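One letter stands for each residue in the lines below.
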Amino acid sequence: MSASEPNWRSDRRLLFLIPLSACALPLCANQYQLYVCNLILVYALVGLGFNVLIGNLGQLAFVSTTFFGLGAYTTGILMLHLKAPFAVAALAGGLVSAAAGVLVSLPALRGVRGFYLAITTLAFGELMRWAYVHAPSLTMGSTGLPVPLPFVAGYALRTDGAKFYLFLIVVVLLAMATSGLLRSRIGRAFMAIRENELAAAAMGIPTARMIILAFAWSGFVVGAAGALYAALVRRVSPDAFDLVELMLHFAIVVVGGLGSIAGSLLGAIMLTIAPQLLRDLPGFESILLAGLMIVVLLILPRGLVSLLELGVPSIRQRFARSEP
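Criteria and thresholds
- Residues numbered from 1 in each chain as written.
- Predicted model: local features only at pLDDT ≥ 70, side-chain atom pairs only at ≥ 80, totals over all residues.
- Heavy atoms only, no water.
- 1 Å grid on protein atoms, 1.4 Å probe; cavity = no way out; pocket = protein on both sides within 12 Å on 5 of 7 lines; lining within 4 Å.
- Points joined across faces, edges and corners; volume = space filled by probe spheres on them.
- Helix = DSSP H or I, 4+ residues; strand = E, 2+ residues; numbered from the N terminus.
- Nonpolar A, V, L, I, M, F, W, Y, C, P; charged D, E, K, R; others polar.
- Axes fitted to C-alpha atoms, helices over the stretch in contact; angles between N-to-C directions.
- Parallel < 35°, antiparallel > 145°, perpendicular 65-115°, else oblique.
- Contact = heavy atoms within 4.5 Å.
- Salt bridge = Lys/Arg side-chain N within 4 Å of Asp/Glu carboxyl O.
- Buried < 20%, exposed > 50% of the residue type's maximum accessible area, 1.4 Å probe, protein only.
- Core = buried A, V, L, I, M, F, W, Y, C linked by side-chain atoms within 4.5 Å.

Chemist: Please give an account of the layout of surface pockets that cites residues and values.
Modeler: Empty space within the largest pocket amounts to approximately 490 Å³. Lining the largest pocket are 19 residues; nearest its centre among them are Tyr43, Glu245, Leu248, Pro275 and Glu285. Elements with a minimum of two residues in the lining of the largest pocket: α3 (31-57), α11 (207-233), α12 (243-256), α13 (261-276) and α14 (285-299). Top element by residues in the lining of the largest pocket is α13. It accounts for 4 residues. Residue classes in the lining of the largest pocket are distributed as 11 nonpolar, 3 polar and 5 charged.

What follows is the structure in structure tokens.
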């Protein structure tokens, strides 16, 4: 298996084993631990959607916080101002973020690539943060948007344990949908564009359509994560979608493994739990993220998912089997 080829076998293994083992968590974990588990599920979705752009399509588009914020704010605004049910508001959040993905894909269609695309998408994210602050009639400005208590099928999700099962179902469904997409002709087209866009176009692949689809699907998945985040924290503020948050999203993808669904989950687990160990030391989260990225990239260049692909060997075995 080449270094750039995803290992679907390990991804499918995690899609079944982790949800089954996680079902018992609400029975043995306290409220704080359940909150952290819910946060892991939220960031697993963020990594899953962001990885479609970074890992599978190969586009350096730093747009995840834009999708994340749009999903959260759309959900909160519809629930607060229009009294929409949580399921309807969350679906709308994903669709609004997907529409933003189509809009953000336009520079990529115009040939903007690499660092230029990264700067363009960063500017779009900062523009959205400005809009969150300067639209107080909708977003409540910098004080934050209060999100009403979510109800699903008439059942109030008052506790983190009740939210856990809903979050787990959403993550599993979207992970299965993304896995199916990436194993289809569309997913192979994404990888062909990543390797060589001109060659992909010469082979008859509609590159423009595939790029738009990748951005839209990424937006929908990360927007759905934003909807879950709004239901979890119950207050959405512009500060939650800044450059530090973007760094966290990028670290989840890189540390977990580019182009891997299982890697997105592993990166979310590590980079959600690790900062909790430093919660009494404010300001060290960024140092921790940078340190983890450096260490993992030096020891495991393909991310944590390479441990699964190699049967979880020791570090010495990993170097002994280094690839040319």
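Chemist: Summarise the packing of α3 against α12; cite the residues concerned and give the values.
Modeler: Contact geometry for α3 and α12: axes closest at 9 Å, N-to-C directions at 75°. The angle between the axes of α3 and α12 places the two elements in the roughly perpendicular class. Contacts between α3 and α12 involve Tyr43, Val46, Gly47, Phe50, Asn51 and Ile54 from the former and Glu245, Leu248, His249, Phe250, Ile252 and Val253 from the latter. In terms of residue class, the contact of α3 with α12 is built from 8 nonpolar, 3 polar and 1 charged.

Chemist: Quick one: what's the story with the pattern of salt bridges, residue by residue and with numbers?
Modeler: If you walk through the whole model with that rule in mind, you get 3 salt bridges. One salt bridge in this structure joins Glu126 and Arg129, with 3.4 Å as the shortest N-O distance. Here Glu126 and its partner Arg129 are both found in helix α6 (residues 114-133), 3 residues apart, which amounts to about one turn of the helix. Exposure remark for Glu126: the relative accessible area of 35% places this residue in the partly exposed category. Of the charged contacts, one joins Arg194 and Glu195 as a salt bridge, the two residues approaching to 3.1 Å between their closest N and O atoms. Judged by its relative accessible area of 23%, Arg194 falls in the partly exposed class. Sharing partners across several salt bridges, the network here consists of Glu126, Arg129 and Asp239.

Chemist: Which residues make up the nonpolar core, and what values go with them?
Modeler: Among the nonpolar cores identified, the biggest contains 90 residues, and Leu45 and Phe241 are the most heavily contacted of them. If one sorts the elements of this core by residue count, α11 sits on top with 15 residues. Contacts of Leu45, omitting those with residues within four sequence positions, involve Val170, Val171, Leu174, Val221, Val222, Ala224, Ala225 and Leu228. Listed in part, the 6 residues of the second largest apolar core include Phe50, Ala118, Leu246 and Val253.

Purely geometric stuff here, so don't read any function into it on its own.
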